[in-house]
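# Understanding the architecture of this molecule
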Amino acid sequence: MSLETKREKIDTIDAQLIELMVARLSVAKEIAQEKARTHQPLTNKPREQEIFDKLDQQVASEVRPYVHTLFEDLILVSKQYQAHLIKEIQDQAEQN
Ligand SMILES: C=C(O[C@@H]1C=C(C(=O)O)C=C[C@H]1O)C(=O)O
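As recorded in an unreviewed UniProt entry, the protein goes by Chorismate mutase domain-containing protein and comes from Lapidilactobacillus concavus DSM 17758.

Have a look at this one:
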């Protein structure tokens with residue numbers, strides 16, 4: 001397989017990843033709205049541990065640390081987005 005073909009494969013995978021990441025952030029938004037409504041904390045460490053435990057079982061050891069890092073970043077970004085949304089909801093509530 002040529003380098004060009006391999007890069008086309010990566011482009012196809014990236015398009016799928018983008019769709020999935022946007023879908024994941026959309027669910028994170030729904031969770032943030034519920035957290036704001038019910039005054040729950042942003043971070044849920046047991047839930048994060050559950051995700052990493054599943055990942056450790058699912059992913060081959062050779063790439064496990066790299067996928068682990070990817071998920072740390074994914075969860076960090078998800079929480080940054082949620083924190084922004086929760087602040088927006090709280091600011092709006094204060095104005096009313
Ligand atoms: C999405 C949530 O909020 C946070 C973000 C998580 C994630 O992106 O997977 C997991 C747990 C929480 O720390 C949640 O509480 O489920």
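Okay, back to it.
With that settled, consider the pattern of salt bridges. Where charged atoms from two side chains of opposite charge come close, those side chains can pair. Summed over all chains, the structure comprises four salt bridges. Residue Glu48 is joined to Lys45 by a salt bridge in which the shortest nitrogen-to-oxygen separation is 3.3 Å. Remark: Lys45 and Glu48 occur in helix 2 (residues 45-58); sequence separation between them is three residues, near one turn of the helix. Owing to a relative accessible area of 55%, Lys45 belongs among the exposed residues under this scheme. Among the ionic pairs, Asp91 bridges to Lys87, the shortest N-O distance being 2.8 Å. Highlighted residues: Asp91 and Lys87, both in helix 3 (residues 64-95), separated by four residues, approximately one helical turn. You can call Asp91 partly exposed: its relative accessible area is 30%. Three or more residues joined by partner-sharing salt bridges are found here, namely Lys45, Glu48 and Lys79.

Another aspect to go through is the site of the ligand. Taken together, 13 residues lie near the ligand, and Arg24, Lys35, Asn44, Glu48 and Ser78 sit nearest. Look at the ligand: alone it shows 360 Å² of surface, and the protein chains cover 91% of it. Those elements that place two or more of their residues in the shell around the ligand are helix 1 (3-38), helix 2 and helix 3. Among the elements that take part in the shell around the ligand, helix 3 stands out by supplying four residues, more than any other. Class assignment for the residues of the shell around the ligand results in four nonpolar, four polar and five charged.

Each α-helix winds once per 3.6 residues, and so residues spaced three or four apart point in a common direction. Across its 36 residues, helix 1 extends 51 Å between first and last C-alpha, which sits within 8% of the 52 Å expected from 1.5 Å per residue. Among the residues of helix 1, Ala28, Ala32, Lys35 and Ala36 are the ones counted as buried. Summarising the contacts, the buried residues of helix 1 are in contact with helix 3.

Notably, His39 is not glycine yet its phi reads approximately 55°, a positive angle. Mapped onto the elements, His39 comes out in the loop between helix 1 and helix 2. Residue classification places His39 among the exposed positions, given a relative accessible area of 72%.

Criteria and cut-off values
- Residues numbered from 1 in each chain as written.
- Predicted model: local features only at pLDDT ≥ 70, side-chain atom pairs only at ≥ 80, totals over all residues.
- Heavy atoms only, no water.
- Salt bridge = Lys/Arg side-chain N within 4 Å of Asp/Glu carboxyl O.
- Helix = DSSP H or I, 4+ residues; strand = E, 2+ residues; numbered from the N terminus.
- Buried < 20%, exposed > 50% of the residue type's maximum accessible area, 1.4 Å probe, protein only.
- Near = heavy atom within 4 Å.
- Areas by Shrake-Rupley, 256 points an atom, 1.4 Å probe, with all protein chains shown as cover.
- Nonpolar A, V, L, I, M, F, W, Y, C, P; charged D, E, K, R; others polar.
- Expected span 1.5 Å × (residues − 1).
- Contact = heavy atoms within 4.5 Å.

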